[in-house]
Amino acid sequence: MATERTLSILKPDATRRNLTGKINAVFEEAGLRIIAQKRLQLSQTQAEAFYGAHRERGFFKDLVGFMVGGPVVVQVLEGEDAIAQNRKLMGATNPANADAGTIRKLFAESIEANSVHGSDSAEAAAHEIGFFFAGTEIVG
Ligand code: CMP
């Protein structure tokens, strides 16, 4: 296993319910380090670009609307096997299918308001980290 970095987003349903600290505690207790973090209000253009891979999906418009509906916290997590580890901690996209103890089982409201996003591959992680952070903002 190698030390990796992954992009994580705490979504508007999580910031609205004041869950930033509780979700960050899950990451830190699992050994992931939060090496960059900022709270942002995404613009429509940013949200559409970030989720560009889903542009043709039926849920795209609603997803973008949801993501601009309140503040998000974007962060870089670092650790052993961080990309897969974060996806395991998050649980299935749809909280109805998420394993007990995962962030989405604990906190998500629906498949759309599912509290967190995490990069799904090394390529996506590199792209998504660069989307939100300058190198100087990441302090490992
Ligand atoms: P995320 O990991 O941020 O990547 C794309 C998001 O689209 C996903 O989490 C879900 O929150 C959202 N989404 C909304 N509806 C669906 C759906 N029907 N299938 C998959 N993802 C969906």
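Draft legend 1. Here's a closer look at the nonpolar core. Counting 21 residues, the largest nonpolar core has Leu7, Ile9, Met67, Val76, Phe132, Phe133 and Ile138 as its most contacted members. Elements that contribute at least two residues to this core include exactly β1 (3–10), β2 (33–40), α3 (44–50), α4 (60–67), β3 (72–80) and α7 (122–132). Looking at this core element by element, the count peaks at five residues for α4. In this view, methionine 67 contacts Ile9, Lys11, Pro12, Leu42, Ala47, Tyr51 and Val72; residues no more than four positions away in its chain are not counted. Leu10, Phe27, Leu77 and Ala82 belong to the second-largest nonpolar core, a separate cluster that totals 15 residues.

Draft legend 2. Region of interest: the site of the ligand. The local shell around the ligand consists of Lys11, Tyr51, His54, Phe59, Leu63, Thr93, Arg104, Ile111, Glu112, Asn114 and His117. Here glutamate 112 contributes a backbone N or O atom positioned 3.4 Å from an oxygen atom of the ligand. Histidine 117 places a side-chain nitrogen or oxygen 3.0 Å from an oxygen atom of the ligand. When isolated, the ligand has an accessible area of 460 Å², and the protein chains bury 78% of it.

Draft legend 3. Broad picture of α7. Of all the positions in α7, only Ala124, Ala125, Glu128, Ile129 and Phe132 are classed as buried. In a view along the axis of α7, the buried residues occupy a sector of 125 degrees, so they form one face of it. In α7, the exposed residues that point more than 90 degrees away from the buried face are Glu123, Ala126, His127 and Gly130. Buried-residue contacts for α7 involve β1, β2, α3, β3, α5 (82–90) and β4 (116–118).

Draft legend 4. Region of the structure containing the sheet that holds β4. The four strands lie next to each other as β2-β3-β1-β4, forming an open sheet whose pairing is antiparallel. Edge positions in the sheet fall to β2 and β4, since each has one partner strand and no second. Pairs of neighbouring strands in the sheet enclose a mean axial angle of 20 degrees, with direction left out of account. Where β1 lies against β3, eight bridges are found, and the strand directions are antiparallel. Among the inter-strand pairings, threonine 6 is bridged to a residue of β3, identified as leucine 77.

Draft legend 5. Representation of the environment of phenylalanine 107 in the model. As for its placement among the helices and strands, phenylalanine 107 is situated in helix α6 (residues 103–107). C-alpha separation for the pair phenylalanine 107 and isoleucine 23, spaced 84 residues apart in sequence, amounts to 8.7 Å. If we skip the residues at most four places from it in the chain, phenylalanine 107 touches Asp13, Arg17, Leu19, Lys22, Ile23 and Ser115.

Draft legend 6. Up close: the layout of surface pockets. Considering only enclosed or pocket space, the largest pocket measures out at about 580 Å³ in volume. Lining the largest pocket are 22 residues; nearest its centre among them are Tyr51, His54, Phe59, Leu63 and His117. Of all the elements in the fold, those that place two or more residues in the lining of the largest pocket are α5, β4 and α7. In terms of residues, the lining of the largest pocket owes the most to one element, α7, which gives three residues. Class assignment for the residues of the lining of the largest pocket results in eight nonpolar, seven polar and seven charged.

Thresholds applied
- Chains are numbered independently. Their residues run from 1 in the order of the written sequence.
- A pLDDT threshold of at least 70 governs which residues receive local features in this predicted model, and a stricter bar of 80 or more applies before side-chain atom pairs are shown or counted, although totals over entire chains, interfaces and linings include all residues.
- Only hydrogens and water are set aside when side-chain values are computed; all heavy atoms of the structure are taken into account.
- Take the buried Ala, Val, Leu, Ile, Met, Phe, Trp, Tyr and Cys residues and link them wherever side-chain atoms come within 4.5 Å; each set so joined is a nonpolar core.
- Burial classification: accessible surface area is computed with a 1.4 Å probe over protein chains only, and a residue below 20% of its type maximum counts as buried, one above 50% as exposed, and the rest as partly exposed.
- Note on conventions: DSSP H or I runs of at least 4 residues are helices, E runs of at least 2 residues are strands, and numbering of each starts at the N terminus.
- Throughout, a contact is declared for two residues whenever any of their heavy atoms are within 4.5 Å.
- By convention in this text, a residue qualifies as near a molecule or strand provided that one of its non-hydrogen atoms is within 4 Å of it.
- Pairs of N or O atoms are called polar contacts if they sit within 3.5 Å, as long as, within protein, a hydrogen donor faces a hydrogen acceptor (for residues adjacent in sequence, only side-chain-to-side-chain pairs).
- Here, Shrake-Rupley sampling with a 1.4 Å probe gives the accessible areas, and only protein chains in the shown set may cover a residue.
- The directions from the helix axis to the C-beta atoms are what the arc is built from.
- Strand pairing requires that DSSP identify at least two bridges connecting the strands.
- Angular values range over 0 to 180 degrees, each being the angle between N-to-C directions of two axes fitted as lines to C-alpha atoms, with helices fitted over their stretch in contact.
- Cavity means a closed set of points on a 1 Å grid over the protein atoms alone, one where a 1.4 Å probe fits but cannot get out, pocket means an open set with protein on both sides within 12 Å along at least 5 of 7 lines, and lining means a residue has an atom within 4 Å of a point.
- Grid points are joined across faces, edges and corners, and a volume is the space filled by probe spheres set on the points.
- Throughout this entry, Asp, Glu, Lys and Arg are counted as charged residues, while Ala, Val, Leu, Ile, Met, Phe, Trp, Tyr, Cys and Pro are counted as nonpolar. The remaining residues, Gly among them, count as polar.

Limitation: the analysis is restricted to geometry and does not speak to function.
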